Amino acid sequence: DYYMYFNDYQCRAKETAVYPSEKALEYLALGLASEAGEVASIVSKWVRGDKGEIDAENMKKELGDVLWFISVMASELKLDLSDVALYNTLKLADRAERGVIKGDGDNR
């Protein structure tokens, strides 16, 4: 088995990034929304009953596309993907500890 660290993935993803540098964030945000929409579409068709089970291999491909856009956007913002992941897990652990994991709003 081979495991990849977030920052290694981020470096490799950035090597394949091709887009106009002056429109980087716009391109990446739109691409992220598009790929997330493809993930949502697969699930919505499953909910509607078009498919018996979600094809995990196809979903892995689509989730990989989402990860690529997140990773390259983090690079554009000079963020390490491992820091983004760590921050998110710490934020969620804090919410769980305070009993506010459910609900809405970023500042709970």
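Below: a short report on this structure.

How each quantity is defined
The residue numbering used here restarts from 1 in each chain and proceeds along that chain's sequence as written. Local features in this predicted model are restricted to residues of pLDDT 70 or higher, and side-chain atom pairs are both shown and tallied only at a pLDDT of 80 or more, whereas totals for entire chains, interfaces and linings draw on every residue. Side-chain metrics rest on all non-hydrogen atoms present in the structure, leaving aside hydrogens and water. The secondary structure listing takes helices from DSSP runs of H or I that are at least 4 residues long and strands from runs of E that are at least 2 residues long, numbered from the N terminus. When a residue's accessible area, from a 1.4 Å probe over protein chains only, is under 20% of the maximum for its type it is buried; when over 50% it is exposed; and in between it is partly exposed. None of His or the chain ends enter the tally, which takes Lys and Arg as positive and Asp and Glu as negative. By definition here, a salt bridge exists when the distance from a side-chain nitrogen of Lys or Arg to a carboxyl oxygen of Asp or Glu is within 4 Å. Two rings from Phe, Tyr or Trp (for Trp, the six-membered ring) form a pair when their centres are within 6.5 Å of each other. A pair whose planes differ by under 30 degrees is stacked, one over 60 is edge-to-face, and the rest are tilted.

The next thing to look at is the side chain of E35. Position of E35 among the secondary structure elements: in helix α2 (residues 24-48). Buried and unpaired, E35 has K61 as its nearest opposite-charge partner, separated by 7.7 Å.

In total, this model carries five salt bridges according to the counting rule given. In this structure, K60 engages E57 in a salt bridge whose closest nitrogen and oxygen atoms are separated by 3.2 Å. Taken together, the positions of K60 and E57, both in helix α3 (residues 56-76) and three residues apart, correspond to about one turn of that helix. Comparing K60 with E57, the two get one shared label, exposed. The partner of E62 in a salt bridge is K61, with the nearest N and O atoms 3.6 Å apart.

What follows covers the packing of aromatic side chains. For the structure on display, the rule yields three aromatic pairs. Note on Y19 and Y27: the rings are 5.3 Å apart at their centroids and 20° apart in plane angle, and the pair reads as stacked. For Y27, a relative accessible area of 34% translates into the label partly exposed. Their ring planes at 80° and their centres at 4.8 Å tell us that W68 and F69 sit as a pair that is edge-to-face. On the basis of relative accessible area, W68 is assigned to the buried category, the value being 16%. Grouped by ring-pair contacts, the aromatic residues Y19, Y27, W68 and F69 constitute a single cluster.

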